[in-house]
Amino acid sequence: MAAVALLLLVVVLLMHNRRLQVSHLRQKSLLEAKLERGLQASALAHELRQPLSYLLMQSRLMQSRVEGGSADPMAVLEGVENLQRSAQQIHQLIDTITALLRGQPGQREPVDLVALVQELLASFCAERSLRQIQLHLDLPSEPVVLELNKAQISIAIRNLLMNAQQALLDVEPQHRHLAVTLDQKAEQVQLQVADSGPGLPSHSIRELVMNSSTAGGMGLGLFTVHAIAKQHQGRLTLGRSQALRGAECSLWFQPCSVDSGTSIDRALPGAPVGIH
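Engineer: Break down the pattern of salt bridges for me, with residues and values.
Structural biologist: Inspection of every chain in the model, using the stated rule, returns one salt bridge. The shortest N-O distance in the salt bridge between Glu127 and Arg131 comes to 3.0 Å. Accessibility expressed as a relative area gives 27% for Glu127, which makes it partly exposed.

Following this line, the structure appears as C-alpha cells:
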C-alpha cells in the first residue's frame with residue numbers, strides 16, 4: 001500500500017508540475033504578444049516622427065510668411081499644396097507600416113535595388129554634406145531586380161541609412177565614413193550599410209529595442225527593418241564592419257529572374273555615381 005500511495009503522490013506531483021509549466025508558457029506567450037503589440041505601436045510612431053516634423057516645419061514657415069505680410073496668394077497656395085502632399089505621404093506611410101505590422105504582404109512589383117538605393121542616397125545628399133560624411137558606394141553596373149514591396153523596402157533602407165548617419169555624429173568629422181554595398185551572389189542578394197561610428201551596443205534586435213534610450217532610438221528602426229525583411233522572406237544581420245570598425249547592417253534577399261529587356265534608368269539625380 002505504501003508503494004501505491006507513493007506512486008500516486010508522484011503522479012499527482014507530476015501532473016501539478018505539468019499544469020504549472022503549461023500556465024507559465026501561456027503567461028509567457030501572452031506577455032510576448034503584448035510586448036510585440038507595444039513594439040509595433042512604437043515602430044509606427046518612430047516612422048511617423050520625421051514626416052510629422054517636416055509637416056510642422058512647413059506649417060510654421062507658411063504661418064510666419066502670412067503673419068509677416070511677405071506671402072502673396074500664389075506662395076500661400078504653394079504652401080498649402082506642400083502641406084497636402086506631406087499629409088498624403090504620412091497617410092500612405094501609415095497604411096504601409098500598418099499592413100506590414102499586421103503581416104499583410106502588400107503589393108509586390110519588380111524593383112531595381114540599384115536605382116532605389118541611389119534614389120534614397122540622393123535624398124540624404126544635403127544632410128551628408130552638412131555633416132561632412134564621406135560616402136563610399138559600391139553598386140553593380142547592371143540592374144538588380146527583385147519582386148518587392150517598394151514602399152516597405154524603401155522604409156527599411158532609409159532606416160539603415162538614417163541610423164548610420166546618426167551614429168557618425170559621435171565621431172570627429174574627418175573620420176565619418178559611410179559605405180553602402182550591393183552584392184548579387186548566386187543564391188542571394190546582400191545590401192550592406194556600414195559606418196565608422198562607435199558600433200552597435202548589441203547584435204540582438206530585441207536587446208537594441210529594449211535598451212533604446214529615446215523614442216527615436218535605433219532599436220525601433222531596426223525592429224521595423226527586421227519585420228520588413230521577414231515579410232519578404234529575407235533577413236537582417238547585424239555586426240561590426242572590419243573595414244570601418246563601426247556598425248554593419250545587412251539585408252539579405254533571395255534573387256529572382258526578370259525580363260532582360262526591362263529598361264530602368266539608374267542615374268542618380270543631380271550627382272554622379274561614385275564616392276562622395
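Engineer: How would you sum up the confidence of the model for the chain? Please name residues and give values.
Structural biologist: In the predicted model, the chain carries a mean pLDDT of 76, and 68% of its residues have values of at least 70. Element-level mean pLDDT values for the chain span from 65 in helix H1 (residues 2–67) up to 95 in strand E5 (residues 189–195). Scored below 50 in pLDDT, residues 257–276 makes 28 contacts in the model with residues more than four places away or belonging to other chains.

Engineer: Account for the sheet that holds strand E4 (residues 177–184), with residues named and values stated.
Structural biologist: With mixed pairing, five strands are arranged side by side in an open sheet as E2-E4-E5-E7-E6. Because the sheet does not close on itself, it has two edges, and the strands there are strand E2 (134–138) and strand E6 (235–240). Going from strand to strand, the sheet's axes swing by 15 degrees on average, the running direction of each strand aside. Of the strands in this sheet, E2, E4, E5 and strand E7 (247–253) are in contact with helix H3 (residues 113–123), which crosses E4 at around 165 degrees. Together, E4, E5 and E7 form the strand contacts of helix H5 (residues 150–167), whose direction differs from that of E5 by roughly 25 degrees.

Engineer: Explain the nonpolar core to me, using residue names and the numbers behind them.
Structural biologist: In summary, soluble globular proteins display a tendency toward joint burial of nonpolar side chains. Core analysis: the biggest nonpolar cluster contains 48 residues, and Leu113, Ile157, Leu161, Leu178, Val180 and Leu251 have the highest contact counts within it. Top contributing element to this core by residue count: H5, with seven residues. Excluding residues that lie within four positions of it along the chain, Ile157 makes contacts with Leu113, Leu116, Val117, Leu120, Leu191 and Leu251.

Engineer: So, the pairing of E7: which residues are in play, and what are the values?
Structural biologist: Most of E7 is tucked away, with six of its seven residues classed as buried. With six bridges joining them, E5 and E7 adopt antiparallel strand pairing. What sits directly across from Ala194, in E7, is Glu248. In terms of strand pairing, E6 meets E7 through six bridges, oriented antiparallel. The residue of E7 that forms the bridge with Leu238 is Cys249. A loop of six residues connects E6 with E7, the two strands running antiparallel in sequence, and Arg245 in this loop sits at a positive phi of about 70 degrees.

Engineer: Outline H3, supporting the account with residue identities and numerical values.
Structural biologist: Burial within H3 is extensive, with eight of its 11 residues counted as buried. For H3, the set of buried residues is Leu113, Val114, Ala115, Leu116, Val117, Gln118, Leu120 and Leu121. Residue Asp112 occupies the N-cap position of H3, its side-chain oxygen lying 3.1 Å from the main-chain nitrogen of Val114.

Engineer: How would you sum up the packing of H3 against H5? Please name residues and give values.
Structural biologist: The description of two packed helices rests on the angle between their axes and on the distance between the axes. At a minimum axis distance of 10 Å, the contact between H3 and H5 shows a crossing angle of 50 degrees. Accordingly, the angle class assigned to the pair H3 and H5 is oblique. Relative to H5, H3 is oriented so that their crossing is right-handed. Between H3 and H5, the contacting residues are Leu113, Leu116, Val117, Glu119, Leu120 and Leu121 on the first element and Lys150, Ile153, Ser154, Ile157, Arg158 and Leu161 on the second.

The rules we used
Residues numbered from 1 in each chain as written. Predicted model: local features only at pLDDT ≥ 70, side-chain atom pairs only at ≥ 80, totals over all residues. Heavy atoms only, no water. Salt bridge = Lys/Arg side-chain N within 4 Å of Asp/Glu carboxyl O. Buried < 20%, exposed > 50% of the residue type's maximum accessible area, 1.4 Å probe, protein only. pLDDT = per-residue confidence, 0-100. Helix = DSSP H or I, 4+ residues; strand = E, 2+ residues; numbered from the N terminus. Contact = heavy atoms within 4.5 Å. Pairing = 2+ DSSP bridges. Axes fitted to C-alpha atoms, helices over the stretch in contact; angles between N-to-C directions. Core = buried A, V, L, I, M, F, W, Y, C linked by side-chain atoms within 4.5 Å. Polar contact = N/O pair within 3.5 Å; in protein donor to acceptor, adjacent residues only side chain to side chain. Parallel < 35°, antiparallel > 145°, perpendicular 65-115°, else oblique. Left-handed = near helix turned anticlockwise from the far one by under 90°.

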